[in-house]
Amino acid sequence: MGMGRYYRLSKKITEEMASEILTETLGIEDVQKAEFLEENTKILVVTEKDKYPEVMTRIVNIFSRIGKGCELSFAGFKY
């Protein structure tokens, strides 16, 4: 199993946005797990440590596009 990292969303997104973001995020080859937490204000992303830069670049773009400018900020590790 890879390593989990939490990211906080910069703005509120709709359920529809969250669903679409999750579908696209889980479609990324190296993403082992992704789930929204705390009423869609945080997301947990699990991948291999060395895959994070590449994976998160793609996820940040997905959030920006679907979430209409929503940004992510690192919020901690999941152990």
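The paragraphs below set out a description of the structure included in this document. Residue numbers run consecutively from 1 along every chain, following the written order of its sequence. Confidence filtering applies because this is a predicted model: local features only for residues at pLDDT of at least 70, side-chain atom pairs given and counted only at 80 or more, and all residues used for totals across whole chains, interfaces and linings. The basis for every side-chain value is the complete set of non-hydrogen atoms in the structure, without hydrogens or water.

## Some remarks on a negative patch on the surface
Exposure above 30% relative accessible area and no salt bridge define the residues that can form patches, which grow by joining like charges within 9 Å and nonpolar side chains of Val, Leu, Ile, Met, Phe, Trp and Tyr within 5 Å. Methods summary: accessible areas were calculated by the Shrake-Rupley approach with a probe of 1.4 Å, and residue burial reflects only the protein chains presented. By definition here, a salt bridge exists when the distance from a side-chain nitrogen of Lys or Arg to a carboxyl oxygen of Asp or Glu is within 4 Å. We score Asp and Glu as negative and Lys and Arg as positive, and we do not count His or the chain ends. One atom stands in for each charge, and that atom is NZ of Lys, CZ of Arg, CG of Asp or CD of Glu. Side chains of Glu29, Glu48, Asp50 and Glu54 sit close together on the surface and give a patch of like negative charge. Tracing the chain through its elements places Glu54 in helix α2 (residues 52-66). Helix and strand definitions here come from DSSP, where helices need a minimum of 4 consecutive H or I residues and strands a minimum of 2 consecutive E residues; each element is numbered from the N-terminal end.

## Quick look at the sheet that holds strand β2 (residues 33-37)
Two strands form a pair only when DSSP identifies at least two bridges running between them. Pairing in this open sheet of four strands is antiparallel, and the strands run β2-β3-β1-β4 from one edge to the other. Only two strands of the sheet have a single partner each, and these edge strands are β2 and β4 (72-78). Taking the axes of each pair of neighbouring strands and ignoring which way they run, one obtains an average angle of 25° across the sheet. Here strand β1 (residues 3-9) pairs with β4 via six bridges, running antiparallel. Within β4, the position partnered with Tyr7 by the bridge is Phe74. Whether two residues are in contact is decided by their heavy atoms: any pair within 4.5 Å suffices. Angles here are taken between N-to-C directions and fall from 0 to 180 degrees, while the axes themselves are lines fitted to C-alpha atoms, restricted in helices to the stretch in contact. On top of the sheet, helix α1 (residues 15-26) reaches β2 and β3 (42-47); it is set at about 160° to β2, its chief contact.

## What to know about the environment of Met3
Relative to the elements of secondary structure, Met3 occurs in strand β1. Think of it in three bands: residues with accessible area under 20% of the maximum for their type are buried, residues over 50% are exposed, and the middle band is partly exposed, with areas taken using a 1.4 Å probe on protein chains only. Among the residues examined, Met3 registers a relative accessible area of 23% and is labelled partly exposed. Linking Met3 and Glu54, residues 51 residues apart in sequence, is a C-alpha distance of 14 Å. Here Met3 is in contact with Val45, Val46, Thr47, Lys49, Tyr52 and Phe77, once residues within four sequence places are set aside.

## Looking at the pairing of β1
Burial analysis of β1 places five of its seven residues in the buried class, the great majority of the element. As paired elements, β1 and β3 share six bridges and run antiparallel to each other. Within β3, the residue paired with Met3 across the bridge is Thr47.

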